[in-house]
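Examination of the molecular architecture
These are the residues of each chain, in order.
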Amino acid sequence: MAIVLGAIADDFTGATDLANNLVRAGMRCVQAIGVPAAEADIGDVDAVVVALKSRSCPAGEAVTESLAALEWLQARGTRQIFFKYCSTFDSTDAGNIGPVADALLERLGSAQTVMVPAFPANHRTVYQGHLFVGDRLLNESGMEHHPLNPMTDADLVRFLSRQTPHAVGLAPRSVLARGADATRDHLRALSEQGVRHVICDTLDERDLEVLAEALVDYPLVTGGSGLGQALPEQYRRRGWLDEVSEPGRLSPAAGSALVLSGSCSRATLGQVDHFLGRHPGVALNPLALAAGESHLAEALAFAREQLADGGPVLVYASADPQRVKEAQAALGVERAGEQVEQAMGQLARTLVDEGVGRLVVAGGETSGAVVSALGVRQLRIGGQIDPGVPWTQAPWPGREAPLSLALKSGNFGAEDFFTRAFTVLEELTAGEGSA
Ligand SMILES: Nc1ncnc2c1ncn2[C@@H]1O[C@H](COP(=O)(O)OP(=O)(O)O)[C@@H](O)[C@H]1O
Ligand SMILES: O=C(O)[C@@H](O)C(=O)COP(=O)(O)O
């Protein structure tokens with residue numbers, strides 16, 4: 001059967017977030033890590049989310065990888081393409097949202113797409129084209145301090161206009177409030193005026209439903225995972241989905257418990273503090289990592305010792321904006337990030353080989369580095385820990401139990417996320433003989 005929804009996600013946590021919402025809305029979904037091989041067997045699924053690490057790389061690379069993913073999805077007869085980026089629109093004037101959306105539109109031969117970053121369940125809304133996180137504008141939400149893509153402009157029409165040579169327009173709430181037909185008419189009128197990208201206001205779930213109904217026939221939609229909650233119902237109405245009883249089933253989990261955190265987002269900093277009040281942890285410092293191998297070796301030794309009892313233990317580079325700035329001033333933005341990402345990848349590979357079976361990773365780039373170092377190619381999506389973050393599983397060679405992985409977006413999750421995640425995994429696998 002053809003794939004109904006094929007998503008191209010610009011980072012790994014973002015991919016998991018979207019896959020989670022699709023599964024919760026009743027779609028059978030697989031998350032592929034990177035573009036799968038032409039002959040890859042993905043099983044009988046309704047949706048495939050291809051996770052790329054294309055958010056912060058040069059725009060040309062992001063375009064090439066995204067087009068490769070598109071080609072793979074098109075070869076499987078995919079009905080609708082979804083370009084997934086962050087609900088906080090993480091990008092810079094150089095891209096990559098505008099250039100990737102333009103390239104996908106061109107390849108699909110389509111004249112217009114929409115930008116729906118909102119995820120109301122996680123308090124990301126858009127009004128008059130301005131992105132809010134809770135009650136703050138994006139540029140006052142903490143995202144203005146992001147290590148790789150500081151978000152200093154909440155006006156998405158203006159911001160996206162700097163990333164594309166094409167016209168950017170707005171679908172305001174006043175139009176959405178009049179329903180799907182009115183929204184469709186508005187989009188058509190904008191298209192006739194040559195508007196290629198339309199930022200869509202979205203305040204709540206009802207707006208997402210209206211948008212999904214108006215957009216179900218678009219070859220390409222783009223946005224956060226919120227729209228992914230609402231599209232499956234439209235597919236169901238068209239008869240494109242079979243009923244499935246347990247779209248997000250998990251196998252028994254086993255192995256010791258580790259948390260790796262490379263996110264410096266406000267929510268993660270709170271989660272690190274909360275965890276350290278209850279469990280052991282060790283900090284990684286990019287400057288010390290750059291100075292030689294002993295810093296990483298010490299962190300590894302500490303983690304090993306704590307894991308002997310099963311964990312959980314935390315290894316974190318997460319730091320406040322001042323300390324991030326200091327590291328970046330000394331090493332450069334890219335190298336500071338690379339130091340941390342490489343270290344996290346090495347820790348994950350070593351400690352999973354030595355028996356970690358339950359792994360939480362905080363941060364999109366960090367998750368990309370960890371999952372790549374582990375060589376995982378596909379993730380099965382299970383139950384949710386907090387909105388946007390499910391447990392996932394990948395088979396692990398030589399072990400009966402799969403590797404259980406939770407990839408947490410920087411700003412997602414309640415304060416007790418790092419501890420509660422393991423309790424939720426136990427609950428999800430209770431009755432399945434979990435260790
Ligand atoms: N102490 C630090 N100093 C500088 N950069 C850091 C530090 N800790 C982490 N980083 C880098 O910051 C980036 C955080 O991005 P990411 O992992 O995507 O988190 P988020 O999901 O919060 O955006 C990564 O590249 C990470 O390596
Ligand atoms: O849409 C979102 O907010 C997330 O799915 C996401 O992409 C988060 O990225 P990171 O904050 O870099 O983890």
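Residues numbered from 1 in each chain as written. Chains lettered and ligands numbered in written order. Predicted model: local features only at pLDDT ≥ 70, side-chain atom pairs only at ≥ 80, totals over all residues. Heavy atoms only, no water.

Once that is clear, we can look at the pairing of strand β14 (residues 313-316). Regular strands have side chains that alternate between both faces of the sheet. Residue alternation in β14 divides its side chains into two sets, Val313 and Val315 and Leu314 and Tyr316, and both sets are buried. For strand β12 (residues 256-261) and β14, the ladder comprises 4 bridges, and the chain directions are parallel. Its bridge partner lying in β14, Ser261 is registered against Tyr316. Alignment of strand β13 (residues 281-283) against β14, held across 3 bridges, turns out to be parallel. Note that in β14 the partner of Val282 across the bridge is Val315. (Buried < 20%, exposed > 50% of the residue type's maximum accessible area, 1.4 Å probe, protein only. Helix = DSSP H or I, 4+ residues; strand = E, 2+ residues; numbered from the N terminus. Pairing = 2+ DSSP bridges.)

What follows concerns the site of ligand 2. By nearness alone, 14 residues border ligand 2, and Thr13, Asp17, Arg55, Lys84 and Ser87 come closest of all. Contacts to ligand 2 include Arg55, whose side-chain N or O atom sits 2.7 Å from an oxygen atom. Gly410 is positioned with one of its backbone polar atoms (N or O) 3.1 Å from an oxygen atom of ligand 2. Contact with the protein chains covers 94% of the free accessible surface of ligand 2, which is 350 Å². With 3 residues, helix α1 (residues 12-24) is the largest single contributor of residues to the shell around ligand 2. (Near = heavy atom within 4 Å. Polar contact = N/O pair within 3.5 Å; in protein donor to acceptor, adjacent residues only side chain to side chain. Areas by Shrake-Rupley, 256 points an atom, 1.4 Å probe, with all protein chains shown as cover.)

As a further point, take the packing of α1 against helix α8 (residues 226-237). At their nearest, the axes of α1 and α8 sit 8 Å apart, and the two run at 30 degrees to each other. With respect to α8, the axis of α1 lies roughly parallel. The two elements α1 and α8 meet at a crossing, and its hand is right-handed. Where α1 approaches α8, its residues Leu18, Asn21 and Leu22 are matched on the opposing element by Gly226, Gly228, Gln229 and Pro232. Taken together, the residues of the contact of α1 with α8 sort by class into 3 nonpolar, 4 polar and no charged. (Axes fitted to C-alpha atoms, helices over the stretch in contact; angles between N-to-C directions. Parallel < 35°, antiparallel > 145°, perpendicular 65-115°, else oblique. Left-handed = near helix turned anticlockwise from the far one by under 90°. Contact = heavy atoms within 4.5 Å. Nonpolar A, V, L, I, M, F, W, Y, C, P; charged D, E, K, R; others polar.)

What follows covers the packing of aromatic side chains. Two numbers describe a pair of aromatic rings. These are the distance of the centres and the angle of the planes. On inspection of all chains with the given rule, the structure shows 8 aromatic pairs. Their ring planes at 25 degrees and their centres at 5.7 Å tell us that Tyr235 and Trp240 sit as a pair that is stacked. Grouping residues by exposure puts Tyr235 and Trp240 together as buried. For the pair Trp391 and Phe422, a centre-to-centre distance of 6.0 Å together with 50 degrees between the ring planes defines the contact as tilted. (Phe/Tyr/Trp six-rings, centres within 6.5 Å; stacked < 30°, edge-to-face > 60°.)

What follows concerns the side chain of Gln393. As for its position among the elements, Gln393 is in strand β17 (residues 389-394). Judged by its relative accessible area of 3%, Gln393 is buried. Here the side chain of Gln393 touches Ser251 through a polar contact of 2.8 Å, landing on its backbone nitrogen. If near-sequence neighbours (up to four positions away) are discounted, Gln393 is found in contact with Leu250, Ser251, Pro252, Gln378, Leu379, Arg380, Pro402, Leu403 and Ser404.

Turning next to the nonpolar core. Of all hydrophobic cores here, the largest spans 76 residues; its most connected members are Leu284, Leu359 and Leu374. Sort the elements by how many residues they give to this core and helix α13 (residues 333-353) lands first, with 7 residues. Both domain 1 (5-237) and domain 2 (256-429) contribute no fewer than three residues apiece to this core. Setting aside anything within four residues of it in sequence, one finds Leu359 in contact with Leu258, Leu260, Ala348, Val352, Val370, Leu374, Trp391, Ser404, Leu405 and Ala406. The next biggest cluster of nonpolar side chains, apart from the first, holds 41 residues, and it includes Ala62, Tyr85, Ile97 and Ala118. (Core = buried A, V, L, I, M, F, W, Y, C linked by side-chain atoms within 4.5 Å. Domains from an automatic or database assignment.)

Our next topic: unusual backbone geometry. Following Gly95, the chain continues to Asn96 via a peptide bond in cis, the omega torsion being 5 degrees. Inspection of the secondary structure puts Asn96 in the loop between β4 (80-84) and α3 (97-108). Here Gly311 and Pro312 are connected by a cis peptide whose omega angle stands at 10 degrees. Its location among the elements puts Pro312 in the loop between α11 (294-307) and β14. The phi torsion at Phe89 lies on the positive side, around 55 degrees, for a residue other than glycine. Structurally, the position occupied by Phe89 is in the loop between β4 and α3. Exposure remark for Phe89: the relative accessible area of 0% places this residue in the buried category.

Okay, the state of the cysteines next. Using the criterion set out here, one finds 0 disulfides in the structure. We note that Cys86 lacks a disulfide partner, and the nearest cysteine sulfur, in Cys264, lies 15 Å from it. (Disulfide = S-S within 2.5 Å.)

The subject of this paragraph is the site of ligand 1. Surveying the vicinity of ligand 1 reveals 21 residues, the closest of which are His146, Ser263, Ser265, Glu341 and Thr366. Here an oxygen atom of ligand 1 sits 2.7 Å away from a polar atom, N or O, in the side chain of Ser263. Between ligand 1 and Glu365, the relevant distance is 2.7 Å, taken from an oxygen atom to a main-chain nitrogen or oxygen of the residue. Relative to its free-state accessible area of 570 Å², ligand 1 is covered by the protein chains to the extent of 96%. Of all the secondary structure elements, the ones that give two or more residues to the shell around ligand 1 are α12 (321-331), α13 and α14 (364-374). Looking at which element gives the most residues to the shell around ligand 1, the answer is α13, with 4 residues. Each of domain 1 (5-237) and domain 2 (256-429) contributes no fewer than three residues to the shell around ligand 1.

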